[in-house]
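Chain residues, written in single-letter form:
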There are 2 protein chains.
Amino acid sequence: MSETVYGVGVGPGDPELITLKAARILARVPVIAWPAPLEGDSLARRIAAPHLPGGQEEIAIRMPMVEARFPAEQVYDGAASDILARIETGRDVAVLCEGDPFFYGSFMYLFARLAERATVEVVPGVSSLTASAAMTLTPLSSRNDVLTVLPAPLAEAALAARLAGTDAAAFIKVGRHLPKLRRVLAQAGMAEAAVYIQHATMQRQQARPLSDLPEDYDAPYFSMVLAHRRGQAWTEAEAAE
Amino acid sequence: MSETVYGVGVGPGDPELITLKAARILARVPVIAWPAPLEGDSLARRIAAPHLPGGQEEIAIRMPMVEARFPAEQVYDGAASDILARIETGRDVAVLCEGDPFFYGSFMYLFARLAERATVEVVPGVSSLTASAAMTLTPLSSRNDVLTVLPAPLAEAALAARLAGTDAAAFIKVGRHLPKLRRVLAQAGMAEAAVYIQHATMQRQQARPLSDLPEDYDAPYFSMVLAHRRGQAWTEAEAAE
């Protein structure tokens, strides 16, 4: 059986930030699968849309927005079965993944179910991490910087502990955790040069200094804060190296 | 002056892992610039080669492989002047960057010199980080994992300290630091599931379990070790969430 399940990174949002390889695969597979909320659009499918030739079978992987484990398990089990059924009848399947499939993506839940039962190939994509840095002209890390990626839902003490020893930090999944991030960044002396970004590279993208955001700002889930210990001083510091 | 300096991420090595946006820009700019050692090929240019239309002016940014700061300063000063001279005569310039321009790339030294004097746009690219994870089918991070990117040249004690509190770690610039990484990973109980990768997505790519590498293995600079605290157990752990 040589049919393949492709985990295809479609990039951070701008359809032009997809790779040539991803676009080639999307143009030729007979079946695509994509994650979506219970109702409404799939972000991954929207990003991929300009690259889809039409006429493909589509598998929607609709996930209830609750944090219980059982619905999610059932949804991924069902999606894995649906995908395997196509593989067994000789059709390749591309699973669309926002950003990169293995960088905080939900693809790995499917991968865990499929890896032993089908040929899986992962096509890496541009992550929101580097897209946010590019969009805001904020260099992420250089030379021997330690870069730490911190999911904002973690406990405040854990975030503070990880921030203490890093040169550069990227907080992902910011959403309602914004006030907590402000506190830990202030405590670490990294608040001043921190940059807030939402929906990087999409039409509705926004970015500004964290310190300019209103106290009660309602950040969406797809948002990020980039911070650097050397703050704005990095240009001279690096230039002098 | 609306001419633009583009910092263009060309991706990790496979020319097909360049973005559509990067390919479009490379096809139309009259001038390209690329980093290279004093003698020999530019990796960034080699990756970009299939996407260059020919007939472009090329600026070589040749860097002596010594760690002193003064030659590097002079080389970047000279390159920035060369690039600005083209901008001032109405020509866009694309600077080719391996991987992503702001993820441990040398582009930021040019950026520091150009940002105040020209319009700069950064085109993010697929980094070797996610490319290595994809190539080895090693999920990098999921859910609320803390992911730490650690340059291998750092001191052993610093690496050990940062490794202690992270779920996932990526060591970059491995080269001659491989024995040190083995020690800190063993100490952290993360050696067993660690994966070693060199030249990810290039024709000469290689990957294997770190524990399978000979004791005296001669790792190149462009190599990486990915490690995860949960090791191979992640599949079941995540599937059960």
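Residues numbered from 1 in each chain as written. Chains lettered and ligands numbered in written order. Predicted model: local features only at pLDDT ≥ 70, side-chain atom pairs only at ≥ 80, totals over all residues. Heavy atoms only, no water.

Take the relation of the copies chain A and chain B next. Related by rotation about an axis and a shift along that axis, the two copies of the chain form a pair. Aligned on chain B, chain A shows an RMSD of 0.0 Å; the corresponding rotation is 180° and the shift along the axis is 0.0 Å. Look at the turn and shift together and you get a two-fold axis relating the two. Comparing interface residues between copies, 100% of those in chain A also sit at the interface in chain B, which points to an isologous, same-surface contact. (Least-squares fit on C-alpha atoms with pLDDT ≥ 70 in both. Contact = heavy atoms within 4.5 Å.)

Moving on: the nonpolar core. Judged by nonpolar contacts, the single largest core of 86 residues is most densely connected at Ile83(A), Leu110(A), Ile83(B) and Leu110(B). Not counting the four nearest positions on each side in its chain, Leu110(A) is found in contact with Ile61(A), Tyr76(A), Ala79(A), Ala80(A), Ile83(A) and Val95(A). (Core = buried A, V, L, I, M, F, W, Y, C linked by side-chain atoms within 4.5 Å. Buried < 20%, exposed > 50% of the residue type's maximum accessible area, 1.4 Å probe, protein only.)

Residues and elements named next belong to chain B. Among the 6 residues in strand S10 (residues 223–228), 6 count as buried, and that is most of the element. Across the two faces of S10 the burial is the same, with Ser-223, Val-225 and Ala-227 and Met-224, Leu-226 and His-228 all buried. Where strand S7 (residues 168–172) and S10 come together, 4 bridges link them in antiparallel fashion. Within S10, the position partnered with Phe-171 by the bridge is Val-225. As paired strands, strand S8 (residues 195–198) and S10 are joined by 4 bridges and run antiparallel to one another. Within the sheet, the bridge partner assigned to Val-195 lies in S10 and is Leu-226. (Helix = DSSP H or I, 4+ residues; strand = E, 2+ residues; numbered from the N terminus. Pairing = 2+ DSSP bridges.)

All names here are of chain A. Taken residue by residue, helix H7 (residues 178–187) has Leu-178, Lys-180, Leu-181, Arg-182, Val-184 and Leu-185 as its buried positions. Where H7 is buried, its residues touch helix H6 (156–164), strand S7 (168–172), strand S8 (195–198) and strand S10 (223–228). Among the residues trailing H7, Gly-189 stands out with phi positive, at a value near 70°.

Our next topic: the domain arrangement of chain A. All names here are of chain A. On domain assignment, one finds that chain A holds domain 1 (4–126) and domain 2 (129–239). The C-alpha-based centres of domain 1 and domain 2 are spaced at 28 Å. With 10 residues of domain 1 at the contact, the number on the domain 2 side is 11 residues. On the domain 1 side of the interface with domain 2, the three residues burying the most area are Pro-12, Phe-103 and Tyr-104, jointly 51% of the side's total. The interface formed by domain 1 and domain 2 includes 0 salt bridges. (Domains from an automatic or database assignment. Buried area = accessible area lost by both parts, 1.4 Å probe. Salt bridge = Lys/Arg side-chain N within 4 Å of Asp/Glu carboxyl O.)

Listed by partner, the interface residues are 59 residues for chain A and 59 residues for chain B. Across the interface of chain A and chain B, roughly 5,100 Å² is buried in total on both sides, 64% from carbon and sulfur atoms. On the chain A side of the contact with chain B, Glu16(A), Leu20(A) and Arg162(A) bury the most area, a combined 13% of that side's loss. The tally of links between chain A and chain B comes to 2 salt bridges. When the shortest N-O distance is used, the salt bridge between Arg24(A) and Glu16(B) registers 2.3 Å. Along the contact surface separating chain A from chain B lie 28 residue pairs in polar contact (both at pLDDT 80 or more). For the side of chain A that touches chain B, the elements supplying multiple residues, two or more each, are helix H1 (20–28), helix H3 (69–88), helix H4 (107–114), strand S5 (119–123), helix H5 (128–135), strand S6 (147–151) and helix H8 (234–239) of chain A. Here the residues of the side of chain A that touches chain B are counted per class, giving 32 nonpolar, 13 polar and 14 charged. (Polar contact = N/O pair within 3.5 Å; in protein donor to acceptor, adjacent residues only side chain to side chain. Nonpolar A, V, L, I, M, F, W, Y, C, P; charged D, E, K, R; others polar.)

Moving on to the side chain of Lys21(A). By the secondary structure assignment, Lys21(A) is in helix H1. Setting aside its immediate chain neighbours within four residues, Lys21(A) contacts Glu121(A), Val123(A), Asp14(B), Glu16(B) and Leu17(B).

Attention now moves to the sheet that holds S6(A). Spatially, the 10 strands line up as an open sheet ordered S9(A)-S8(A)-S10(A)-S7(A)-S6(A)-S6(B)-S7(B)-S10(B)-S8(B)-S9(B), and their pairing is mixed. Both edges of this open sheet fall to strand S9 (206–209) of chain A together with strand S9 (206–209) of chain B, since each of them pairs with a single strand only. Put simply, the sheet's adjacent strands are angled 15° from each other on average, direction ignored. Seen against the sheet, H6(A) touches S6 and S7 of chain A together with strand S6 (147–151) of chain B and runs at an angle of roughly 170° to S6(A). (Axes fitted to C-alpha atoms, helices over the stretch in contact; angles between N-to-C directions.)

With that settled, consider H5(A). Counting buried positions along H5(A) yields 6 of 8 residues, so the element is predominantly enclosed. Of the residues making up H5(A), those classed as buried are Leu129(A), Thr130(A), Ala131(A), Ser132(A), Ala133(A) and Ala134(A). Packed against the buried residues of H5(A) are S6, S7, S8 and S10 of chain A together with strand S5 (119–123) of chain B. Leu137(A) sits one or two positions beyond H5(A) and adopts a positive phi of about 50°.

Right, let's get into the sheet that holds strand S4 (residues 93–97) of chain B. Residue and element names in this part refer to chain B. With respect to topology, 5 strands assemble into an open sheet ordered S3-S2-S4-S1-S5, the strand pairing being parallel. Only two strands of the sheet have a single neighbouring strand rather than two, namely strand S3 (57–63) and S5. The mean angle between the axes of side-by-side strands here comes to 25°, regardless of whether they run parallel or antiparallel. Where helix H1 (residues 20–28) meets the sheet, it contacts strand S1 (4–9), S4 and S5, and its direction lies at approximately 135° from that of S1. Sheet contacts for helix H4 (residues 107–114): S1, S3, S4 and S5; angle to S5, the most-contacted strand, approximately 160°.

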